[in-house]
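# Examining the three-dimensional arrangement
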Amino acid sequence: MIPDLTNATPATRAYYALPEDIRAKAEELAGSPRPISHLEILLAIGTAIANEREAAKRGER
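In every chain, residue numbers begin from 1 and rise along the written sequence. Local features in this predicted model are restricted to residues of pLDDT 70 or higher, and side-chain atom pairs are both shown and tallied only at a pLDDT of 80 or more, whereas totals for entire chains, interfaces and linings draw on every residue. As a rule here, side-chain values come from all non-hydrogen atoms in the structure, and water together with hydrogens is ignored.

## Quick look at the overall build of the protein
Numbering of helices and strands starts at the N terminus; helices are DSSP runs of H or I of at least 4 residues and strands are runs of E of at least 2. Of regular secondary structure, the protein possesses 3 helices and 0 strands. For the protein, the succession of helices and strands along the chain, N to C, is α-α-α. Relative to its length of 61 residues, the protein is extended, with a C-alpha radius of gyration of 14 Å against a globular reference of 10 Å. In terms of its C-alpha atoms, the protein occupies a principal-axis envelope of roughly 40 × 25 × 25 Å. Relative accessibility decides the category of a residue: with a 1.4 Å probe and only protein chains considered, values under 20% of the type maximum give buried, values over 50% give exposed, and everything between is partly exposed. Residue burial in the protein is summarised as follows: out of 61 residues, 5% are buried. Summed over its atoms, the accessible surface of the protein is roughly 5400 Å², and 62% of this surface lies on carbon and sulfur atoms. Separation of charge centres in the protein, based on 8 positive and 9 negative side chains, amounts to 7 Å. This radius of gyration counts C-alpha atoms alone. The globule rule is 2.2 Å times how many residues there are, raised to the power 0.38. Each accessible area value is a Shrake-Rupley result obtained with a 1.4 Å probe; residue values ignore everything except the protein chains displayed when judging cover. Counting rule for charge: Lys and Arg are taken as positive, Asp and Glu as negative, and neither His nor the chain ends is counted. For this purpose, a charge sits on NZ of Lys, CZ of Arg, CG of Asp or CD of Glu.

What follows is the structure, encoded as structure tokens:
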């Protein structure tokens, strides 16, 4: 179910724009909602950057 996105952030809108099966898998992997630390946010961003660099090296980007 998609909530009312009238006052949603761009990130929230982008999340709900993903296919339902991807959202379900992401929620399964992330577990239940909890506060996230600044370091966890930095780790997520750093991991995404590293993955993009590796993809670029392989010629995928």
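Having seen the model, we can carry on.
## Some details on a nonpolar patch on the surface
Candidates for patches are residues over 30% relative accessible area with no salt bridge; among them, like charges are joined within 9 Å and nonpolar side chains (Val, Leu, Ile, Met, Phe, Trp, Tyr) within 5 Å. Put simply, a salt bridge is a Lys or Arg side-chain nitrogen that is within 4 Å of an Asp or Glu carboxyl oxygen. Taken together, the side chains of I36, I41, I45 and I49 define a hydrophobic patch exposed on the protein surface, amounting to about 350 Å² of accessible area. For I45, the position within the fold is in helix α3 (residues 38–57).

## Examining the environment of E28
Mapped onto the elements of the fold, E28 is located in helix α2 (residues 20–30). Separated by 15 residues in the primary sequence, E28 and R13 place their C-alpha atoms 19 Å from one another.

## Some details on the pattern of salt bridges
Scanning the entire structure with this criterion turns up 2 salt bridges. The shortest N-O distance in the salt bridge between K57 and E54 comes to 3.5 Å. With K57 and E54 both in helix α3, this residue pair falls 3 residues apart, about one helical turn. Exposure remark for K57: the relative accessible area of 67% places this residue in the exposed category. Since its relative accessible area comes to 39%, E54 is described here as partly exposed.

## Focus on the packing of aromatic side chains
Each aromatic ring pair is summarised here by two numbers: the centre-to-centre distance and the angle between the ring planes. Ring pairs shown here join Phe, Tyr and Trp side chains whose ring centres sit within 6.5 Å, with only the six-membered ring taken for Trp; geometry is labelled stacked below 30 degrees between planes, edge-to-face above 60, and tilted in between. Within the structure shown, the criterion is met by 1 aromatic pair. Their ring planes at 80° and their centres at 5.1 Å tell us that Y15 and Y16 sit as a pair that is edge-to-face. What makes Y16 partly exposed here is its relative accessible area of 22%.

Just geometry here; none of it tells us what the structure is for.
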